[in-house]
Amino acid sequence: MSYTLYLGDPAYSSWSMRGWLLFDAFDIPVRTVWVPMYSDAFTAMQERHAPARTVPNLEIGDGEARVWESLAIAETLTERHPEAGHWPEGTPARAAARSLAGEMHASFRALRDRPSMNLRRRYTGFAPTEAEAADAARVQALWAWALTQFGGPYLGGADFGAVDAMYAPVATRFVTYGFPLDAAAQDYVAAVYAHPSFRRWHAMADADPRVLDRYDLDLPSAGPTGAPRPAPLAAERYTGSVADAANAACPYSGKPVREDSLARIDGRVVGFCNPGCRDKSVADAAAWPALMALLTPEA
Ligand SMILES: N[C@@H](CCC(=O)N[C@@H](CS)C(=O)NCC(=O)O)C(=O)O
């Protein structure tokens, strides 16, 4: 049975990130459809998919069923792919993970509002309101408790779960707005930023040219490179001929490489089938297994 997942702008849509992580981090194949938020295309999608009106928005099969709340997507996937590991083993960890995920979905209104997800910025001088600081403190108390209780590095224990998909955008808010973090929260944020699926999402956000000024605050900011991300491989766009590339087929799609989609990565020229594939690869090459297999073929 096929899945189609409708998503918004990767740098800004925190719920889209959650929905996509529920697939990618659990190795469930999905076709993605990116719909820019605040666009006519988004309005048309809302009309076509009513009563669903938000992203992520999951279509099962050819319109057989639709799921448009991220927790409902998590539970639908749990039901359909019980082996995928969305929730931890054992009643205590599973019950806690579901409770934490539910609290994320229902709460933290202040933290979800003004300090919205923005993977393009890291501000200095952000002063949280009392309500924002209280939400941040509650999140950190929950994280510290869960990490102690189940041993970390993720909230349900050793493996990344649906609960971590729910809190990943909060980890990015803490980075973007420079919230003071206790030691447990620092470790957890680093674990989220190091997760391969999170790295892939962040790379797609880096590669997406669309900037939504409405999410910017009037504060000094740095870019995302100094965030607690694993150091990327040396990579840049490459101008030249497809004949310079080590590969003739895009590592992701298998389609022929294009001259406008070349990059030099870790010292080698590699080709892709479109500039988006090139740019997400340049942003964080090591996050993409198919690309790494191309760069380091088995002996
Ligand atoms: N409760 C929903 C929230 C989804 C949501 O608010 N998505 C935002 C993007 S991050 C959206 O689609 N906004 C468009 C709108 O509300 O018109 C979920 O769990 O998925």
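This structure is a prediction, so every number in the text was calculated from the model and none was measured.

S.K.: In this structure, what is going on with the domain arrangement of the protein? I would like to understand it.
M.R.: When the parts of a complex come together, some accessible area is lost, and that lost area is often used as the size of the interface. As far as domains go, the protein holds domain 1 (3–84), domain 2 (91–201) and domain 3 (231–295). Of the residues lining the interface, 14 residues belong to domain 1; the matching set on domain 2 comes to 17 residues. Within the residue set of the side of domain 1 that touches domain 2, elements represented by two or more residues are helix H1 (14–24) and helix H3 (70–80). In terms of residue count, the dominant contributor to the side of domain 1 that touches domain 2 is H1 (seven residues). When the residues that make up the side of domain 1 that touches domain 2 are grouped by side-chain class, the tally is ten nonpolar, two polar and two charged.

S.K.: Help me out: how do you make sense of the environment of Arg229 in this one?
M.R.: One can find Arg229 in the loop between strand E6 (221–222) and strand E7 (235–237). Sequence spacing of Arg229 and Arg199 is 30 residues, and the spatial spacing of their C-alpha atoms is 8.1 Å. What Arg229 contacts, discounting residues up to four positions off in sequence, is Tyr193 and His202.

S.K.: Would you mind going over the pairing of strand E3 (residues 57–60) with me for this structure?
M.R.: On a regular strand, one side chain projects to one face of the sheet and the next to the other, so that they alternate. Relative to E3, strand E1 (residues 3–7) is paired through four bridges, and the arrangement is antiparallel. Bridge pairing in E3 links Tyr3 to Ile60. For E3 and strand E4 (residues 65–67), the ladder comprises three bridges, and the chain directions are antiparallel. The residue bridging Ile60 from the neighbouring strand is Ala65, located in E4. Turn length for the E3-E4 hairpin, with the two strands adjacent in sequence and antiparallel, is four residues, and the turn residue Gly61 shows positive phi of about 65 degrees.

S.K.: Sorry if this is basic, but what is going on with helix H10 (residues 275–283) here?
M.R.: An α-helical turn contains 3.6 residues, so a residue and the one three or four places further along point in the same direction. Counting buried positions along H10 gives seven out of nine residues, so the element sits mostly inside the fold. Listing the buried residues of H10 in full gives Cys277, Arg278, Asp279, Lys280, Ser281, Val282 and Ala283. Looking at the buried side of H10, the elements it contacts are helix H9 (196–207), E7, strand E8 (262–265) and helix H11 (289–295).

About the thresholds
Residues numbered from 1 in each chain as written. Predicted model: local features only at pLDDT ≥ 70, side-chain atom pairs only at ≥ 80, totals over all residues. Domains from an automatic or database assignment. Contact = placed C-beta atoms within 7 Å. Helix = DSSP H or I, 4+ residues; strand = E, 2+ residues; numbered from the N terminus. Nonpolar A, V, L, I, M, F, W, Y, C, P; charged D, E, K, R; others polar. Pairing = 2+ DSSP bridges. Buried ≥ 20, exposed ≤ 12 C-beta atoms within 10 Å, placed from the backbone.

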